[in-house]
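Inside the fold
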Amino acid sequence: MPKTRALYRSLPKALLACALASVPQWASAQGGSRGELLYTTHCVTCHTEQIHWRVKKQATDWNSLKAQVRRWQGNASLGWSDDDVREVSRYLNARFYRFTPTGAPLTGLKREPPG
């Protein structure tokens with residue numbers, strides 16, 4: 001009987017781990033990115049497309065866009081990693097802003113050869 005209880009106690013943790021591990025594969029299979037998945041899961045309830053096109057928008061360049069993503073995920077207590085913030089920033093940049101990314105290169109971005 002104790003082994004059965006231990007199994008039932010560990011089952012929710014195992015299911016959660018499996019679900020979280022499958023998120024990147026699910027996003028890729030659906031044609032979306034991790035940034036898009038995080039944004040649509042946590043942000044679109046309050047942040048409609050109009051917020052990205054308003055006159056007094058807070059994101060005016062790549063660094064301020066990342067700062068706003070970091071700020072709002074903190075306000076929502078989401079606990080995103082730096083990679084999560086970067087991926088959501090990439091998604092928003094591709095979808096709405098088109099800023100020139102600065103700093104460390106991001107995976108998946110196609111760069112034009114110089115000249």
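Heads up: these notes are all about the structure in this document. Small disclaimer: the values here were computed from a predicted structure and weren't measured.

1. Re the packing of aromatic side chains
Inspection of the entire model under this criterion finds three aromatic pairs. Taking 6.4 Å as the distance between ring centres and 65° as the angle between the ring planes, the aromatic pair formed by phenylalanine 96 and tyrosine 97 counts as edge-to-face. For the ring pair tyrosine 97 and phenylalanine 99, a centre distance of 5.2 Å and an interplane angle of 20° mean the geometry is stacked. Residue tyrosine 97 shares its accessibility class with phenylalanine 99, and that shared class is buried.

2. A closer look at the nonpolar core
In this structure, Leu65, Val69, Trp80, Val88, Leu92 and Tyr97 are the most contacted members of the largest nonpolar core, which totals 15 residues. Mapped onto this core, the elements with two or more residues apiece are helix 2 (34–42), helix 4 (62–75) and helix 5 (82–97).

3. Regarding the side chain of asparagine 93
Locating asparagine 93 in the fold gives a position in helix 5. Classification of asparagine 93 by relative accessible area gives buried; the value is 7%.

4. With respect to helix 5
Here helix 5 has its buried residues at Asp84, Val85, Glu87, Val88, Ser89, Arg90, Tyr91, Leu92, Asn93, Phe96 and Tyr97. Arginine 98 lies just past helix 5 and shows a positive phi near 65°.

5. Looking at the environment of arginine 70
Among the structural elements, arginine 70 can be located in helix 4. Separated by 10 residues in sequence, arginine 70 and tryptophan 80 place their C-alpha atoms 8.1 Å apart. With residues near it in sequence (within four places) discarded, arginine 70 still touches Asp82 and Val85. There is a polar contact of 3.1 Å between the side chain of arginine 70 and the side chain of aspartate 82.

6. Some words on the environment of phenylalanine 99
Topologically, phenylalanine 99 is positioned in the segment after helix 5. Considered as a pair, phenylalanine 99 and tryptophan 62 are 37 residues apart in the sequence and their alpha carbons are 5.4 Å apart. If we skip the residues at most four places from it in the chain, phenylalanine 99 touches Ala59, Thr60, Asp61, Trp62, Leu65 and Asn93.

Scoring rules and cut-offs
Residues numbered from 1 in each chain as written. Predicted model: local features only at pLDDT ≥ 70, side-chain atom pairs only at ≥ 80, totals over all residues. Heavy atoms only, no water. Phe/Tyr/Trp six-rings, centres within 6.5 Å; stacked < 30°, edge-to-face > 60°. Buried < 20%, exposed > 50% of the residue type's maximum accessible area, 1.4 Å probe, protein only. Core = buried A, V, L, I, M, F, W, Y, C linked by side-chain atoms within 4.5 Å. Helix = DSSP H or I, 4+ residues; strand = E, 2+ residues; numbered from the N terminus. Contact = heavy atoms within 4.5 Å. Polar contact = N/O pair within 3.5 Å; in protein donor to acceptor, adjacent residues only side chain to side chain.

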